[in-house]
Amino acid sequence: KLFEVLREPTLSLHPESLLNTLAQEHDGIEPIFVDSSADLFEYILDFHRHRKINIPMTVSRQAVLKEANKFGLPLTNEDIVVDVPPFAEWAALGEEAIQREKARLKELATMRSSKLRLLVHDLIIPSFLDRFKPSTRIILHYRDLATVGKEQVLAYLASEVSADEIQIALEQWAAGNGYAVKVSNTEGHFLPGDFVSFNKK
């Protein structure tokens, strides 16, 4: 991003600043390249111009102070004025935050649903089928599902899924195959030591 600023009097107001030093050593023909955040650099120039900075609420005061320090400017908290938006803008900011939170929760719900589906359909049901025999009861222990190479996968999938959710997800499939299902739990979660029990109806 390209910024234009006067050497005199703007930069010379702060003779100790890095920008003033760079300007003094420059021929003024080509741009001076500065390693800085383009979003914050305009506030650095504002301080050179006015010895004060006005920032919106969405800009971090600490980030501006850090950036100013990098350029050798004696900026303090008192030099920064935070613009407080009118009520209508406050409401808009609140609505925007609500929409972001809704999107985040929706993403988490999708991830949770995917974990549950993988846990039930890719681990528990295939393990049941591997051990199937025409008996009245089949029990799958957590350790049975955590076979070699699958321990971390099982722990990851079960980490945010409750035992009740696993139970509900299994019930329809089990009932369709003539079984009642029971998922044991440790404080509401399916953890080592727990098991899934399939009982023939």
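The structure displayed is predicted, hence computed values, not measured ones. (Residues numbered from 1 in each chain as written. Predicted model: local features only at pLDDT ≥ 70, side-chain atom pairs only at ≥ 80, totals over all residues. Heavy atoms only, no water.)

Draft legend 1. Seen up close, the packing of aromatic side chains. With the rule as written, the count across this model stands at six aromatic pairs. Judged by centre distance (5.3 Å) and plane angle (80 degrees), the rings of F128 and Y179 are edge-to-face. Here F128, found in helix α4 (residues 87-130), pairs with Y179, found in strand β4 (residues 179-183); they are 51 residues apart in sequence, far enough to count as distant. Note on Y179: relative accessible area 3%, which makes it buried. Both rings, one in W173 and one in F198, keep their centres 6.4 Å apart while their planes meet at 80 degrees; by these two values the pair is edge-to-face. Placement of W173 in helix α7 (residues 163-176) and of F198 in strand β5 (residues 195-200) is noted, with a sequence separation of 25 residues between them. (Phe/Tyr/Trp six-rings, centres within 6.5 Å; stacked < 30°, edge-to-face > 60°. Helix = DSSP H or I, 4+ residues; strand = E, 2+ residues; numbered from the N terminus. Buried < 20%, exposed > 50% of the residue type's maximum accessible area, 1.4 Å probe, protein only.)

Draft legend 2. Structural detail: unusual backbone geometry. A positive phi angle, near 55 degrees, is found at E187, a position not held by glycine. With respect to the helices, strands and loops of the structure, E187 is situated in the loop between β4 and β5. Residue class for E187 comes out exposed when judged on its relative accessible area of 78%.

Draft legend 3. Summary view of helix α3 (residues 61-70). Among the residues of α3, V64, L65, E67 and A68 are the ones counted as buried. Buried residues in α3, looked at end-on, bunch into an arc of 165 degrees, giving them a common side. Pointing more than 90 degrees away from the buried face of α3 are the exposed residues Q62, K66 and N69. Among the structural elements, α2 (38-50), β1 (53-56) and β2 (80-83) are those in contact with the buried residues of α3. Of the residues one or two after α3, G72 is the one with positive phi, at around 70 degrees. (Arc of directions from axis to C-beta. Contact = heavy atoms within 4.5 Å.)

The analysis is restricted to geometry; functional conclusions fall outside its scope.
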